[in-house]
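# A closer look at the structure
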Amino acid sequence: MTRVVVVGAGPAGLAAAAHAVRAGADVTLLDQSAAPGGQFHRLPPGAPHGFEAILSRCSWWPESTVWAVAGKRLHVLRGPADGAGRERHVLEPDALVLATGAHDRTLPFPGWQLPGVYTAGAAQALAKGERVAVGRRVVVAGAGPFLLPVAESLLAVGARVLAVLEANPASTVRKGWSWRDARKAGELARYAAALARHRVPYHLGRAVVEARGDDRVRAVVTARLRADWSVVPGTERTYEADAVCVGHGFAPRPELAVAAGCALDGGFVRVGDDQRTSVPGVFAAGELTGIGGAVAAAAEGAVAGCAAAGGVPGRALLRERDRLRGFAARLAAAHPVGAAWPGWLREDTIVCRCEETTAGELTRAARDPAAPGPHALKLGTRAGLGPCQGRLCGAAVSALCGTAERHHRPIAQPIRLGELAEVKENDA
Amino acid sequence: MTVEITVDGEPVAGTDGQTVAAVLLASGRLSWRTTRSGAPRGVFCGIGACFDCLLTVNGVPDVRACLRRAADGDEIRTQSRADA
Ligand SMILES: Cc1cc2nc3c(=O)[nH]c(=O)nc-3n(C[C@H](O)[C@H](O)[C@H](O)COP(=O)(O)OP(=O)(O)OC[C@H]3O[C@@H](n4cnc5c(N)ncnc54)[C@H](O)[C@@H]3O)c2cc1C
Ligand code: FES
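Structure report, in brief. Because the structure is predicted, anything quoted here is derived from the model rather than measured.

Here we come to the sheet that holds strand 12 (residues 202-204) of chain A. Residue and element names in this part refer to chain A. The sheet built from five strands is open, its strands ordered 9-16-10-11-12 with parallel pairing. In the strand order of this sheet, the two ends are held by strand 9 (117-119) and strand 12, each with one partner. Taken over all neighbouring pairs, the strand axes of this sheet differ in orientation by 20 degrees on average, direction set aside. Taken strand by strand, helix 3 (residues 120-130) contacts strand 9 and strand 16 (243-248), and its axis lies near 85 degrees from that of strand 9. Sheet strands in contact with helix 4 (residues 147-156) are strand 10 (137-143), strand 11 (160-166), strand 12 and strand 16, and its direction is about 170 degrees off that of strand 10.

Right, dumping it as structure tokens:
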């Protein structure tokens, strides 16, 4: 029997596991979290999640973090997040499906390091999964349709949403949406109605350009933007707010795929028609291969799971995936990131949050003829060398310095020295 | 159901299953780590990518509060970069 390991139990990984089981494989599904569902399906603690049927047909490993990959050999730590003394395991399947998803992409702006600034996804996760409102008076801003469900979830946990701001102007947004996306448009209309009911203003062509406060956010400055995201002078408006949630789309989490040797395209894992990566026996699905939302992620997962198990994905399955990918591409065109965003930054604006490297330091280092090259730049400014290893600032640093973003992170997830020294690895 | 933890010695109650970050935020704490320059930090990404939310759980430093579920009796200590 083909042994398939699926990493990530979000919409993509769950669909991959279900389809690999259906195609006759022996499946192990693992996730860092204690509960299945990934970033999309979040329930308050203890609620039944609805994936019991599929989990009962495979080996389900919750609280299992893959910290390294070599070929198809996976190194796993089982136990509470970042705890000491987790159990070490090695898995060596016949085929591997990577479905590690994405995290929010957030562009830097003055004050974005202050407590009270959250990614849109963090606000969503805290509201949906933990029933916590990140603030009492909240501004939600950035780019993309995801801002609307975030605002809705904030309202549901009792926050007051002062405004939702889409940075792109109506002319850009209109380009991406079409009658073909009627179902999706209906969903957005529902969110818009919820906002209207709560009298939450939705503005296009406006962005948060500064968060103010000493020890925490106390005010948020917004401004009108042109189509390229340059600020229109004199259009600033200040809100008294205790939280701001920002998201400018999503960035994939490709660490494991990079470690396995998979080729990337623009940061996303490159896949063939059946979700096969450039490495034999390794498949990828979901936001890792392109940002398209939960339904598209599940469609890709279904194809990947079937193919990983040695099956031939059906024509209807492939067609559905292609349709959803097309929708994702149009959505990306409707909500691009404008090239003029660095205009928001000041000399002293922090770009690398971990090392507190500023925009001024980066642009000076990039201009210095004596220290060219991304490696020297990193060592000189320390940007991207902190604990997050450039996950958050990588794209911004390369945009500011004109260098290519590197996705190489030798350790995909932190492991403690004590755990590393522990010689016992359990084969499973 | 509730869990009870201590934060720098002070008792704090949360809901069973909540992450340490959620328990802290719900108790009105916004930040629990300081950077090398002394600036305060708490949750940013919420899903384990940014490492802004690090704290010490039962003596083990550098635990991402947004990923770790709070367990009854957990002793949480706030953290500065110098401890790490
Ligand atoms: C914080 C956040 C909140 C979001 N909330 C919503 C929402 O409410 N509604 C919505 O429509 N869209 C939401 N999105 C968008 C969402 O990411 C996608 O629509 C969808 O969940 C993508 O599915 P996926 O299966 O590709 O990835 P994900 O759902 O992200 O699943 C990936 C899984 O892989 C696991 N994983 C990653 N790395 C490892 C590792 N090394 N070892 C073990 N496990 C690992 C993660 O724990 C995660 O469960 C959110 C995105 C983010 C970042
Ligand atoms: S908030 Fe980003 S790692 Fe916890």
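Moving on from the coordinates now.
What follows deals with the site of ligand 1. Close contacts around ligand 1 come from 32 residues, with A12(A), D31(A), Q124(A), K128(A) and E287(A) the closest. Lying at an intersection of chains, ligand 1 is approached by residues of chains A and B. At a separation of 2.6 Å, an oxygen atom of ligand 1 approaches a polar side-chain atom of Q124(A). The side chain of K128(A) places a nitrogen or oxygen atom 2.7 Å from an oxygen atom of ligand 1. Computed on the free molecule, ligand 1 has an accessible area of 970 Å², of which 95% lies beneath the protein chains in the complex. Put simply, the parts of the chain that give the shell around ligand 1 at least two residues each are helix 1 (11-22), strand 4 (64-70), strand 8 (102-104), helix 3 and helix 8 (293-308) of chain A. Across the shell around ligand 1, the residue classes break down as twelve nonpolar, 16 polar and four charged.

Next up on the list: unusual backbone geometry. Positive phi outside glycine occurs at E63(A), with the angle close to 45 degrees. Assignment of secondary structure puts E63(A) in the loop between strand 3 (59-61) and strand 4.

Counting residues in hydrophobic clusters, the biggest one holds 52 residues, and the most contacted among them are V117(A), V139(A) and W344(A). Listed by contribution, the elements that provide at least two residues to this core are strand 10, strand 11, strand 13 (206-212), strand 14 (219-224), strand 16, strand 21 (350-352), helix 10 (359-367) and helix 12 (394-401) of chain A. Once you skip the residues sitting within four places of it in the chain, W344(A) turns out to touch L107(A), P108(A), F109(A), P110(A), A207(A), V208(A), V209(A), L225(A), W229(A), V231(A) and H248(A). A123(A), A243(A), A22(B) and V57(B) belong to the second largest nonpolar core, which has 45 residues in total.

Moving on, we come to the interface of chain B and chain A. Taken together, the contact pairs 34 residues of chain B with 39 residues of chain A. Between chain B and chain A, a total of about 3100 Å² is buried, with carbon and sulfur atoms accounting for 57% of that surface. Ionic pairing is found between R353(A) and D52(B), a salt bridge with its closest N-O pair at 2.6 Å. Across the contact surface, chain B and chain A share 16 residue pairs in polar contact (both at pLDDT 80 or more). Taken together, the elements giving at least two residues each to the side of chain B that touches chain A come down to helix 1 (20-26), strand 4 (40-42) and strand 6 (60-64) of chain B. Take the side of chain B that touches chain A: its biggest share by element is five residues, from strand 6 of chain B. Among the residues making up the side of chain B that touches chain A, the classes are represented as 17 nonpolar, eight polar and nine charged.

Conventions we followed
- Residues numbered from 1 in each chain as written.
- Chains lettered and ligands numbered in written order.
- Predicted model: local features only at pLDDT ≥ 70, side-chain atom pairs only at ≥ 80, totals over all residues.
- Heavy atoms only, no water.
- Pairing = 2+ DSSP bridges.
- Helix = DSSP H or I, 4+ residues; strand = E, 2+ residues; numbered from the N terminus.
- Axes fitted to C-alpha atoms, helices over the stretch in contact; angles between N-to-C directions.
- Contact = heavy atoms within 4.5 Å.
- Near = heavy atom within 4 Å.
- Polar contact = N/O pair within 3.5 Å; in protein donor to acceptor, adjacent residues only side chain to side chain.
- Areas by Shrake-Rupley, 256 points an atom, 1.4 Å probe, with all protein chains shown as cover.
- Nonpolar A, V, L, I, M, F, W, Y, C, P; charged D, E, K, R; others polar.
- Core = buried A, V, L, I, M, F, W, Y, C linked by side-chain atoms within 4.5 Å.
- Buried < 20%, exposed > 50% of the residue type's maximum accessible area, 1.4 Å probe, protein only.
- Buried area = accessible area lost by both parts, 1.4 Å probe.
- Salt bridge = Lys/Arg side-chain N within 4 Å of Asp/Glu carboxyl O.

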